[in-house]
Amino acid sequence: GGELCPTHASEADLALLRSLSDVQDDFLDGFDWAALAAGGGKGGTLLAFHKCRGKAFVVKELSPSDHEALLRLAPAYVVHATRHRDTLLAPFFAHFHRPSTGVHYVAMGSVLPAPVAAVAAASAPSVYDLKGTADDKTLLYEGEKRRDVHKRFFNVGMRVCDLASRKCC
């Protein structure tokens, strides 16, 4: 997008995934930084759709903890993704830093073309932020925004069953 952005140590690993997925190294040339907007997820980070050579991508801002996790996990992620080409994990193609803002980003393949994703987000009665956690990832339900619900180990009330009714919270 007209700005030179250094890549991270994970870049050598992710370059292999680009090669296997027929994604050119310059796939982010022409990226529109102004397209970054709130993605609607509970994390509050920005994202944007980008198209290049008929393929759709998502560029997503990373929180500091997500950035550190990607640095740590990229080698194992690439091993998994190359051994299991039919994985349901999103394909990550770049991990980079924007010097003008100090923000870290990941660029990944989009499972939906940008126009479909925009229409779905604008008209869907229910929207979910799918992650590998036990948290309630319902963002919008029957047209109404939902509050954050964290079902992690330290939230005992979300884990304890009512013994009389045999219902779990």
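Scroll up for the structure.
First things first, this report covers the structure right here in the doc. (Residues numbered from 1 in each chain as written. Predicted model: local features only at pLDDT ≥ 70, side-chain atom pairs only at ≥ 80, totals over all residues. Heavy atoms only, no water.)

Focus: the sheet that holds strand β5 (residues 103-109)
Strand pairing in a sheet takes place through backbone hydrogen bonds and is either antiparallel or parallel in direction. Our working definition: In this analysis, strands are considered paired if DSSP registers two or more bridges between them. By the criteria applied, helices consist of DSSP H or I runs no shorter than four residues and strands consist of E runs no shorter than two, each listed in order from the N terminus. Here, residues are in contact when the closest pair of their heavy atoms is within 4.5 Å. Whenever a helix is involved, its axis is fitted only over the stretch in contact; in every case the axis is a line through C-alpha atoms, and angles between N-to-C directions fall within 0 to 180 degrees.
Read from one edge to the other, the open sheet built from 5 strands follows the order β1-β2-β3-β5-β4, with strand pairing classed as antiparallel. With one partner strand each, in any of the chains shown, β1 (37-38) and β4 (92-98) form the two edges of the open sheet. One ladder, built from 6 bridges, connects strand β3 (residues 55-62) with β5; its direction is antiparallel. The partner of Lys60 across the bridge, within β5, is Val106. Contacts from helix α2 (residues 64-83) reach β3, β4 and β5 within the one sheet, and its direction differs from that of β4 by about 140°.

What about the layout of surface pockets?
How we decide: Of the grid points, spaced at 1 Å and generated over the protein atoms alone, those admitting a 1.4 Å probe that cannot get out make up cavities, while open sets with protein on both sides within 12 Å along at least five of seven lines make up pockets; any residue with an atom within 4 Å of a point is treated as lining. Grid points are joined across faces, edges and corners, and a volume is the space filled by probe spheres set on the points. All amino acids are sorted into three groups, where Ala, Val, Leu, Ile, Met, Phe, Trp, Tyr, Cys and Pro are nonpolar, Asp, Glu, Lys and Arg are charged, and the leftover types, Gly among them, are polar.
A volume near 340 Å³ is recorded for the second largest pocket. Lining of the second largest pocket is provided by 19 residues; of these, Glu3, Cys5, Asp25, Leu28 and Asp29 occupy positions nearest its centre. Among the secondary structure elements, those contributing two or more residues to the lining of the second largest pocket are α1 (11-20) and β4. Split by residue class, the lining of the second largest pocket holds 9 nonpolar, 4 polar and 6 charged.

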